[in-house]
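Here is what each chain is made of, one letter per residue.
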Amino acid sequence: IGPEPPKPERPEPPKPGPVEPEATPTPSPSPTPIPEVVDFTYTELSDGTIRLEKALNTSLTDMTVPGYVNGKKVVAASNKTFHGCSTTLQTIRLREDVDPETNLLPQLLLGASSCLKLRTVYMPLSYEVYLEEMPFDQIEELTITREGNQMVLRLKKSLASIFGDYYSLLEEFL
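Description of the structure in this document. Keep in mind it's a predicted model, so treat the numbers as computed, not measured. Think of each chain on its own: its residues are numbered from 1, step by step along the sequence as written. Local features are withheld for residues below a pLDDT of 70 in this predicted model, meaning they are given only at 70 or higher, and side-chain atom pairs are given and counted only at 80 or more; totals for whole chains, interfaces and linings count all residues. To get the side-chain values, all heavy atoms of the structure are used, and hydrogens and water are removed first.

Let us now look at the overall build of the protein. Numbering of helices and strands runs from the N terminus, with a helix taken as a DSSP run of H or I at least four residues long and a strand as a DSSP run of E at least two residues long. Of the regular secondary structure elements, the protein holds three helices and nine strands. Reading the helices (α) and strands (β) of the protein from amino to carboxyl end gives β-β-β-β-β-β-α-β-α-β-β-α. Looking at the 174 residues of the protein, the share that counts as buried comes to 37%. Note on definitions: a residue-residue contact is assigned when non-hydrogen atoms from the two residues lie within 4.5 Å. Contacts spanning at least 24 positions in sequence make up 70% of the contacts within the protein whose residues lie at least 6 apart. Working definition: with a 1.4 Å probe on protein chains only, accessible area under 20% of the residue-type maximum means buried, over 50% means exposed, and in between means partly exposed.

In structure tokens form, the structure reads like this:
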């Protein structure tokens, strides 16, 4: 038998070199969600909405009221919402997502009526029309102003003393 035919030359495998990372697509920017911090105990109502019950930390001087809890709309507040905050709470802030149609503001104010140091309530601008419907213009101990991108309710004395005189005016909104 004759000589073996030459074997075809195998190409050498490529030598390892620097590996270029795969390009990762840049995600499109998405809105930053409002962090959900709930400083209150709450009850889920039969229609799936939320009623705020009581402040968890009664030593806070500034509390923020959420518009949603676990994706469910806050529509009510108990008359004990700020029970225990009577000597500390100075400011209430309604988050931008609190709906003025829920009638939450008078409920919160009544729930804070024992808060002796409360002097300021900040609300989204969406409350401007709603506030014009409230009887606050008849209560000389408080003022409502538009400051930047929010409405501000300022109290000249405690809610307890104001509501002692004007409770019946607020009752019609509850």
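Next comes the rest of the write-up.
Right, let's get into the sheet that holds strand β5 (residues 72–77). One open sheet accounts for four strands, arranged β1-β2-β5-β4; its pairing is mixed. Two strands lie at the open edges of the sheet, namely β1 (40–44) and β4 (68–69), each paired on one side alone. When DSSP locates at least two bridges between a pair of strands, those strands are taken to pair.

Let us now look at the packing of aromatic side chains. The rule is short: rings of Phe, Tyr and Trp, with Trp giving its six-membered ring, pair when the centres are within 6.5 Å, and they are stacked under 30 degrees, edge-to-face over 60, tilted in between. Under the criterion given, the structure shown has one aromatic pair. Both rings, one in Phe40 and one in Phe82, keep their centres 5.8 Å apart while their planes meet at 80°; by these two values the pair is edge-to-face. Of this pair, Phe40 sits in strand β1 while Phe82 sits in the loop between β5 and β6 (91–94); the two residues are 42 residues apart in sequence, bridging distant segments of the chain. Residue Phe40 is classed as buried on the basis of its relative accessible area, which comes to 2%.

Here we come to helix α1 (residues 104–111). Across the eight residues that make up α1, a large majority, eight, are buried. Those residues of α1 that sit buried are Leu104, Leu105, Pro106, Gln107, Leu108, Leu109, Leu110 and Gly111.

Before going further, it helps to examine the pairing of β5. Direction of pairing for strand β2 (residues 50–55) relative to β5: parallel, over a ladder of three bridges. Residue pairing in the sheet places Arg51 in a bridge with Ala76 of β5. Pairing geometry for β4 and β5, over two bridges, is antiparallel. When the sheet's bridge partners are listed, Val69 is paired in β5 with Lys72. Connecting β4 to the antiparallel partner β5 that follows it, the hairpin turn spans two residues, and Asn70 within it adopts a positive phi of roughly 50°.

This part is about the pairing of β2. Note that β1 and β2 share five bridges and pair antiparallel. In the sheet register, Glu44 faces β2, and the bridge partner there is Ile50. Between β1 and β2, which pair antiparallel and follow one another directly, the connecting turn spans five residues, one of which, Gly48, has a positive phi of 85°.

Moving on: the sheet that holds β6. Strand order in the open sheet formed by five strands is β3-β6-β7-β9-β8, and the pairing between neighbours is mixed. Of all strands in the sheet, those with a lone pairing partner are β3 (62–65) and β8 (142–147), marking the two edges. Sheet twist, expressed as the average angle between the axes of neighbouring strands with direction ignored, equals 15°. One ladder, built from three bridges, connects β6 with strand β7 (residues 120–124); its direction is parallel. Lines fitted to C-alpha atoms define the axes, with helix axes restricted to the stretch in contact, and inter-axis angles between N-to-C directions lie between 0 and 180 degrees.

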